[in-house]
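Chain by chain, the residues run as shown.
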2 protein chains.
Amino acid sequence: MKVKDLRVVKTKKAIYQALTKLLKDKLLTDINVSELCREASINRGTFYFHYEEVGDVFKEFFEEVIVDLEESYKEPYKYISALQVQTLDYKNIDPKTVRIFHHVKKYEDFYRIILSDNVSTTYYYMFFDAIRSNFIEDSKIGEYDESKKFVYSFMTNAIIGLIIEWYRTNFEESVDDMNIHLVETLNVITRS
Amino acid sequence: MKVKDLRVVKTKKAIYQALTKLLKDKLLTDINVSELCREASINRGTFYFHYEEVGDVFKEFFEEVIVDLEESYKEPYKYISALQVQTLDYKNIDPKTVRIFHHVKKYEDFYRIILSDNVSTTYYYMFFDAIRSNFIEDSKIGEYDESKKFVYSFMTNAIIGLIIEWYRTNFEESVDDMNIHLVETLNVITRS
DNA sequence: ACTGTTATTGTACAACTGTATGATAACATA
DNA sequence: TATGTTATCATACAGTTGTACAATAACAGT
């Protein structure tokens, strides 16, 4: 059984490095296949043997980011927020949502691309589905409640809404700030 | 002063009709400039005189859809929901949100494209900003409350989250169904 | 080491892209 | 009606795209 063909490993590594380098200077949308292959020193035909477009490579990047999102959502949370120290008002926050904020902050450079204008919605939906899956696994033990699917999509996209606003403020707020915004928002909603 | 150059009007009309026709058979992503110009019987150079890519034409389409969204959000609401007749439990729904659902249903064919995978996020953000603006104008009289911007983005994207789920069920639910989903979702959130 | 499989390369091709140019026709205004 | 402006067209060009093919080299299993 083939575990890893060294030729493929080498080729993909070259492509990854090339894309990483090019992304430092130009937008994902502005990078074309020829340029990427030139930078990676691989034949263009080889690229098409593995991918269809430049975005597919970025998609593989983002898939690893999504893995981190899922891992950090599941693992025991050891981060002590300054908020939790200061006051107990925030104790009833869903403590897991803050991990999403941490994750986004960690991969800030990626989310600047994913949430930017004029990129494919594919990455957005990858993000959406990942968060939504986490929410579902988190709330139900065992069976999936079909009737709740609108609730999950509502909550998932609401959180992404906060992250979009975060992105638009150039990620200036801290993770704790984002948590405060979430709590305040939930307060506004439950009060109406 | 030039109000409308007949040449431009004619050209754009041809492009609009061509794009409309092509969209019946293929995805927006699969329509290229050459094909569009061939269908519209205009010179390719003329296209580039007005636009940069096929998506720009669709953007003009969607801008009109957005105008309808804003109009229908503002105009006095005359639609009597079966829900409002049946029960009074739903009287405290934000009555204006249902208009968004009506609008999406009305332009279902458009939102099938906007919300589909692998299209530009540009249209998503146009939709997002339109709804968000409406929410803001709706809640404040006069000055804009900067501190509430996360609340607006949260609520806006939450509603779009419902619409994404609606899209994924192929818009099978009725507008009233969507209203029920919204109310149920808000109930779940306020109960937690 | 041998053999069949497969990834990579170079090359080629028709089609599309984005831009530029000059000619022409439609436009606006005096 | 005459004149300057500008949208459209035809053409051209270098570069990209997606695909195809044969040759070659790297791989996996016997």
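Everything below is about the structure shown above.
Below is a short write-up of the structure.

Reading guide: rules and limits
- Residues numbered from 1 in each chain as written.
- Chains lettered and ligands numbered in written order.
- Predicted model: local features only at pLDDT ≥ 70, side-chain atom pairs only at ≥ 80, totals over all residues.
- Heavy atoms only, no water.
- Contact = heavy atoms within 4.5 Å.
- Buried area = accessible area lost by both parts, 1.4 Å probe.
- Salt bridge = Lys/Arg side-chain N within 4 Å of Asp/Glu carboxyl O.
- Helix = DSSP H or I, 4+ residues; strand = E, 2+ residues; numbered from the N terminus.
- Expected span 1.5 Å × (residues − 1).
- Buried < 20%, exposed > 50% of the residue type's maximum accessible area, 1.4 Å probe, protein only.
- Least-squares fit on C-alpha atoms with pLDDT ≥ 70 in both.
- 1 Å grid on protein atoms, 1.4 Å probe; cavity = no way out; pocket = protein on both sides within 12 Å on 5 of 7 lines; lining within 4 Å.
- Points joined across faces, edges and corners; volume = space filled by probe spheres on them.
- Nonpolar A, V, L, I, M, F, W, Y, C, P; charged D, E, K, R; others polar.
- Axes fitted to C-alpha atoms, helices over the stretch in contact; angles between N-to-C directions.
- Parallel < 35°, antiparallel > 145°, perpendicular 65-115°, else oblique.
- Left-handed = near helix turned anticlockwise from the far one by under 90°.

Looking now at the interface of chain A and chain B. Across the contact, 41 residues belong to chain A and 41 residues belong to chain B. Each partner contributes to the roughly 3,600 Å² buried at the junction of chain A and chain B, and carbon and sulfur atoms together form 63% of this total. Ranking the residues of chain A by area buried against chain B places Y125(A), F150(A) and F154(A) at the top, with a combined share of 22%. Taken together, chain A and chain B are joined by 4 salt bridges.

Here the focus is helix α8 (residues 121-139) of chain B. Here α8(B) is 19 residues long and its end C-alpha atoms lie 27 Å apart, about the 27 Å a rise of 1.5 Å per residue gives. Among the 19 residues in α8(B), 14 count as buried, and that is most of the element.

Superposing chain A onto chain B requires a rotation of 180° together with a translation of 0.0 Å along the rotation axis, leaving an RMSD of 0.0 Å. One copy is carried onto the other by what is essentially a two-fold rotation axis. When C-alpha positions in chain A are compared against the rotation axis, the closest is assigned to A158(A), at 2.0 Å. Of the residues that chain A buries at the interface, 100% are likewise interface residues in chain B, meaning the two copies contact each other through the same surface.

With that out of the way, let us pick up the pattern of salt bridges. Oppositely charged side chains can form a pair if their charged atoms are brought close together. Residues and elements named next belong to chain B. Inspection of every chain in the model, using the stated rule, returns 20 salt bridges over all chains. We note a salt bridge from D138 to K96, for which the minimum N-O separation is 2.9 Å. A residue pair is termed long-range when its members are at least 10 positions apart, and D138 in helix α8 and K96 in the loop between α5 (82-86) and α6 (97-106) qualify at 42 residues. Of the charged contacts, one joins K105 and E108 as a salt bridge, the two residues approaching to 3.8 Å between their closest N and O atoms. Residue class for K105 comes out partly exposed when judged on its relative accessible area of 28%.

Attention now goes to the layout of surface pockets. Size it by volume and the largest pocket reaches roughly 1,400 Å³. Along the wall of the largest pocket there are 42 residues; nearest its centre are T29(A), N118(A), V119(A), S120(A) and S120(B). Among the secondary structure elements, those contributing two or more residues to the lining of the largest pocket are α4 (54-74), α7 (108-114) and α8 (121-139) of chain A together with α4 (54-74) and α8 of chain B. The leading source of residues in the lining of the largest pocket is α4(A), at 6 residues. When its residues are assigned to classes, the lining of the largest pocket shows 18 nonpolar, 12 polar and 12 charged.

Further remarks concern the packing of helix α9 (residues 149-168) of chain A against helix α10 (residues 175-191) of chain A. Residue and element names in this part refer to chain A. At a closest axis distance of 11 Å, the pairing of α9 and α10 adopts a crossing angle of 130°. It follows that α9 is oblique to α10 by the angle criterion. By crossing handedness, the relation of α9 to α10 is classed as right-handed. Each of I159, L162 and W166 in α9 lies in contact with α10, whose residues at this interface are V175, M178, L182 and T185. Taken together, the residues that form the contact of α9 with α10 break down as 6 nonpolar, 1 polar and no charged.

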